[in-house]
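# Inside the fold
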Amino acid sequence: MISFFRALLNSWTWKTAFRDSRTHRVRLLLFTTSIMLGSAALIAITSLRSNLTDSVQNQAKSLLGADLLIEFRQKPSEENLKTIDSLSGIAGVKHAEQTEFSAMAIDLKSGTSRLSQIRALKGAFPFYGSLETEPLGASQLIDNDRFALVDESLLLQFGISIGDSIQLGEARFKIHAVLKEIPGEAAVAALIGPRIYISSKWLNETELIQIGSRVGYKHFFQYPPEHNMKAEKEALQPKFERRTTSLATAEERQVAIGNALENLYRFLNLSGFIALLLGSIGIGSAINVYIQQKLTTVATLRCLGASAAQAFSIYLIQGSVMGLIGAAGGALIGFGIQYLLPKLLADFFPIKTAFSISLTAIFQGAMISFAVSFLFSLLPLVSLRKVSPLFSIRAAYENEGISVGRDWARWFLYVAIVLSVFLFSLYQITSPKVPPMTAVFFTIAIFAAFGVIAAFAKLVMWLLRRFFPKSLPFIFKQGLSNLYRPNNQTLILMVALGLGTFFITTLLITQGTLLKTVSLSGGNGQPNLVLFDVQTDQKDSVFSILKASNAPLFQATPVVTVRINSVKGKKLTDYPKDSIPSAYFWEFRATYRDTLTESEQLLSGAMPNEIRRDSSHQGTLPTISIVEFLAKDLKVSLGDTFIFDVQGVRIPVQVGSIRSVEFRRLQPVFSMVFQSNLLEEAPQTFAIVTRAETASESTTLQKAVVGAFPNISLLDLSVVLNVLSSILDKISLVIRFMALLSIFTGLFVLSGAVVTSRYQRMRESVLLRTLGASERQVILILLVEYFSLGFIASMIGVGLSLGGSYFLAIEFFETTLSFDFVSLLSIVFGITGLAVLIGWLQSSSAYKASPLEMLRSV
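Model, not experiment: these values are computed from the prediction. (Residues numbered from 1 in each chain as written. Predicted model: local features only at pLDDT ≥ 70, side-chain atom pairs only at ≥ 80, totals over all residues. Heavy atoms only, no water.)

## Quick word on the overall build of the protein
Cut-off, in case you're wondering: Only runs of H or I of at least four residues qualify as helices and only runs of E of at least two qualify as strands under DSSP, and these elements are numbered from the N terminus. Burial classes: relative accessible area under 20% of the type maximum marks a residue as buried, over 50% as exposed, and values in between as partly exposed (1.4 Å probe, protein chains only). Residue burial considers only the protein chains on display, and all accessible areas are found by Shrake-Rupley using a 1.4 Å probe.
Per the secondary structure count, the protein includes 26 helices and 23 strands. The buried share of the protein, reckoned over its 858 residues, is 52%. Accessible surface computed for the protein: about 39400 Å², of which carbon and sulfur atoms make up 60%.

And the structure:
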């Protein structure tokens, strides 16, 4: 070890490393491109994290728009309103309120409609940040008249503009401005339903809030800067019912959004780290080929008196400089990616992200990139310690390289590489909610993915060598045999290209499966339209409209609002905090019937059409059917009891059955189904399910229903598909971007591999031409090799993605696998074409070399 450090610090070692690299500098620099992309991704994402953290801190209060939010899931009680009024009366405290619900917005010109998010605003909200509109400042004027601030997406769909009018329920509103941005909300939220702001003074005129309407009530407060908001929240919390009210401060919203962004950052950084690993494997493989060509030089240096440590240090310096250049080049490319990533992710960010240079992030990413690439570079370099001076003589008749045997240094490097991957994943993944074992599983998964693709690549090489098709034409025979020639790069290239293909194809198939699942749920004569909030006195009229439009009636399901009061004799509010998900304290939409629908399956018990005696209650106890996840969360089984609050009336029931529900169908589904006749007298609305065969029929039916009853909300499957497709497209754009890094890394590895073996290819080319092969035949041989390489690698990636996608479809999405065969072929031939192009461009000088040029280079 001491001799190694002496050699490394010797000026002669550095001078020799510099002189030896003179004829290979272009090749060595090309090797570094294989780690530049991974390094660039890490540095860009690390910088993005730094920028996001700063942005969240700088915009902390604008994320909530206030210092305190009190949110009610049902209309506040008189006592609650008195508490809110008392807060508004405190000196220095400002108050604003917002009523939120979904309703149909109707274009008065065409009569078309769209389910939208309606927000009735009272007060100068937001207190921090602003509702960004075009023209600017329009949000301050909506109290002046029946003005509306409307999301741009709705204007584009309706083909209207500022100055036109829309109808909300029974009231008409003039579009006063285009809504561009809302503090604390990501733009992707508008895909679910365009957002429309109106003044609360006009809310009653819409007549949209009726029995059964799902409405949220938010109250925002601004306090003086010196006020202790944590203590204020703790003092207010006991004054509100936990099951119907939630309180949040600006600091809590900052932490919540920071955690969400941290999860996104972890995913992106781990994806970039995979690209870095690919590049590092590529540079290690390229150095291995480079070192094999330098064995005679090393042996000659040993003959001239250089020690093994000096010879090793010469090429260690070259490899280290390559890693440093790769890290530095990655930092430069990372600036561009860092500028691009916020644009790709902007729709998912609830904040504005400022671009700034973080020296800490750059240094951190560069050091990680250098360390990983250095470890992989060391693997082939350690064998130089075993080169003896005698090898310079044997090399004239032996071409088998050197045998390292059981080298402790090599095994030490294997452990170091695995440990570095584990430590990186441990640093990136672990958090208070994510146990350290997750890092272990990630590390195993990384090496398993590499191992599976490498095993397939090895299998292909073995099959070609063992069962080579000797009857093939000369060109194909020679091109395929190049895949297992000495010093080939087939293994690493197939791993790099195959892994990138695997990422992209898995994403494509999963996206197609999800979209196909939704579209099939409304195909083949299945329902594709659902009408919500149909009042009891409107039901018969709606039936008449459906009949007049030749639209079939599939279901007319009663919907009753209920709340859980107690479970197994214990009040829900008495359960320990966080022992029950907060959603169970809210209102539920339930129904009553005695039969299963086609989207349900009975797991145990019988549907609620039987009654029994219960010693804890007088009289008979009706039964209820609950969905399996509710039974699991509340730890209840058959025979356990509930007490429900239905509009102030307590109703005791027992669990009579447990069901599984296929939620992806476009049909009303319910967590709780009561016994028939039990809730008939309760206030209720109806959900009506029908079908429109064409888009024009759907539009006509919507116009008729919403025109007659503006309070009715209508959900169209085509809208669901468009929303799901848009969200998946935005998510997949980011994931594809990261997957493309792996593919481009593989292409750079391919380019470096071709340059590395240039001398060998020139010799083979000259030999073939000397034996009578034409220049055209030599070119075709090279093209066959690169086509086979790209085609086999992409096929391995596609094959593995089909297996992975099948597992995701069955285990996670509980559906059947669906994919577009043409799209898969386009990916295969696209990657194959890139491999052929890169190989041909880098090999052009090899097949053009003349025999005389080859003799001169010897």
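## Things to note about helix α19 (residues 539-548)
The following threshold applies: Note that the arc is computed from the directions linking the helix axis to the C-beta atoms. Contact criterion: two residues are considered in contact whenever any of their non-hydrogen atoms come within 4.5 Å of each other.
For α19, the complete set of buried residues consists of V542, I545 and L546. Projected down its long axis, α19 carries its buried residues within an arc of 100°, all on one side. Opposite the packed face of α19, turned more than 90 degrees from it, sit the exposed residues D540, K547 and A548. Buried residues belonging to α19 abut β11 (529-535), β12 (553-567), β22 (685-690) and α21 (695-708). Just downstream of α19, N550 is the residue with a positive phi angle, here 60°.

## Observations concerning the nonpolar core
The line we're drawing: Only buried residues count toward a nonpolar core, which is a set of Ala, Val, Leu, Ile, Met, Phe, Trp, Tyr and Cys residues joined through side-chain atoms within 4.5 Å.
Ranked by size, the top nonpolar core spans 66 residues in total, and within it F273, L277, I291, Y315, L381, L384 and M494 carry the most contacts. At 9 residues, helix α10 (residues 250-293) tops the list of elements feeding residues into this core. The contacts of Y315, once residues within four sequence positions are left out, are D20, Y290, I291, K294, T297, V298, L381 and L384. Counting residues in each nonpolar core, the second largest holds 36 residues, with I160, I175, W202 and L247 among its members.

## Side note on the side chain of T690
What counts, and what does not: Contacts described as polar in this section are N or O atom pairs within 3.5 Å, which, within protein, must combine one atom able to donate a hydrogen with one able to accept it, while residues neighboring in sequence count only if both atoms come from side chains.
In this structure, T690 sits in strand β22. Since its relative accessible area comes to 0%, T690 is described here as buried. Separated by 2.5 Å, the side chain of T690 and the backbone oxygen of P552 make a polar contact. Other than its neighbours up to four places away in sequence, T690 contacts P527, N528, L529, L531, L546, A551, P552, F554 and L701.

## As for unusual backbone geometry
Of note, the bond from F125 into P126 is cis; its omega dihedral lies within 30 degrees of zero at 0°. Relative to the elements of secondary structure, P126 occurs in the loop between β3 (113-122) and β4 (132-134). With a phi angle near 55°, K635 is a residue other than glycine that sits in the positive phi range. The exposed category is assigned to K635, whose relative accessible area is 61%. With a phi angle near 55°, Q647 is a residue other than glycine that sits in the positive phi range. Note on placement: Q647 falls in the loop between β19 (641-646) and β20 (649-661).

## Quick word on a nonpolar patch on the surface
Here is the rule: Patch definition: residues above 30% relative accessible area lacking any salt bridge, with like charges linked at up to 9 Å and the nonpolar side chains Val, Leu, Ile, Met, Phe, Trp and Tyr linked at up to 5 Å. Any Lys or Arg side-chain nitrogen found within 4 Å of a carboxyl oxygen on Asp or Glu counts as a salt bridge.
Taken together, V452, F456, L459, W462, L463 and F467 make up a surface patch of nonpolar side chains, about 550 Å² in accessible area. With respect to the helices and strands, F456 occurs in helix α16 (residues 437-466). Note on F456: relative accessible area 38%, which makes it partly exposed.

## Thoughts on the environment of Q478
With respect to the element layout, Q478 can be found in helix α17 (residues 474-481). Given the relative accessible area of 24%, Q478 is considered partly exposed. It is 8.3 Å that separates the C-alpha atoms of Q478 and E785, two residues lying 307 residues apart in sequence. Residues within four places of Q478 in sequence aside, it is in contact with L768 and I781.

## Some points on the packing of aromatic side chains
Heads up, the rule is: Pairing of aromatic rings covers Phe, Tyr and Trp, the last counted by its six-membered ring, and requires centre-to-centre distances within 6.5 Å; plane angles under 30 degrees mean stacked, over 60 mean edge-to-face, and any other angle means tilted.
Going through the model one piece at a time under the given rule, you end up with 9 aromatic pairs. Measuring from centroid to centroid gives 5.7 Å for F72 and F240, while their planes differ by 65°, and the two rings are edge-to-face. A residue pair is termed long-range when its members are at least 10 positions apart, and F72 in strand β1 (residues 68-72) and F240 in the loop between α9 (229-236) and β10 (245-249) qualify at 168 residues. F240 carries the same exposure label as F72, and that label is buried. Here a set of aromatic residues connected by ring pairs shows up, and it is made of F642, F644 and F674.

## What about the pattern of salt bridges?
According to the stated counting rule, one finds 12 salt bridges in the structure shown. A salt bridge links K233 to E252; the shortest N-O distance between them is 2.5 Å. With K233 in helix α9 and E252 in helix α10, this residue pair connects regions lying 19 residues apart in the sequence. Residue classification places K233 among the buried positions, given a relative accessible area of 17%.

## Digging into the environment of L768
Mapped onto the secondary structure, L768 falls in helix α23 (residues 758-770). The exposure class assigned to L768 is buried, which follows from its relative accessible area of 14%. Sequence spacing of L768 and V778 is 10 residues, and the spatial spacing of their C-alpha atoms is 7.4 Å. Those residues in contact with L768, other than ones at most four positions away along the chain, are F474, Q478, A773, V778 and I781.

## Let's talk about a positive patch on the surface
What counts, and what does not: His is not counted, nor are the chain ends, whereas Lys and Arg count as positive and Asp and Glu as negative. By convention, charge coordinates are those of NZ in Lys, CZ in Arg, CG in Asp, or CD in Glu.
A contiguous patch of positive charge on the surface is contributed by K15, R19, R22 and R25. Judged by its relative accessible area of 32%, R25 is partly exposed.

## Concerning the pairing of strand β6 (residues 165-168)
Under the convention used in this document: In this scheme, strands are said to pair when DSSP sees at least two bridges between them.
For strand β2 (residues 94-107) and β6, the ladder comprises 3 bridges, and the chain directions are antiparallel. In the strand pairing of β6, D107 is matched with I166. In this structure, β6 lies alongside strand β7 (residues 171-181), joined through 4 bridges in antiparallel fashion. When the bridges of β7 are listed, I166 appears paired with F173. Adjacent in sequence and paired antiparallel, β6 and β7 are bridged by 2 residues, among which G169 carries a positive phi angle near 65°.

## A closer look at helix α11 (residues 295-303)
Buried within α11 are the following residues: L295, V298, A299 and L301. The buried residues of α11 occupy one face: seen down the axis, they fall within an arc of 155°. Of the residues trailing α11, G305 is marked for its positive phi of about 110°.

## So, the side chain of T832
Here T832 is to be found in helix α25 (residues 821-848). Here T832 is in contact with F787, G790, F791 and S794, once residues within four sequence places are set aside.

## Considering the confidence of the model for the protein
The criterion, for reference: Note on scores: pLDDT gives the predictor's confidence for each residue, bounded by 0 and 100.
Mean pLDDT for the protein: 80, with 84% of residues reaching 70 or above. Every residue in residues 610-619 scores below 50 in pLDDT, and together they form 17 contacts with partners more than four places removed in sequence or on other chains.

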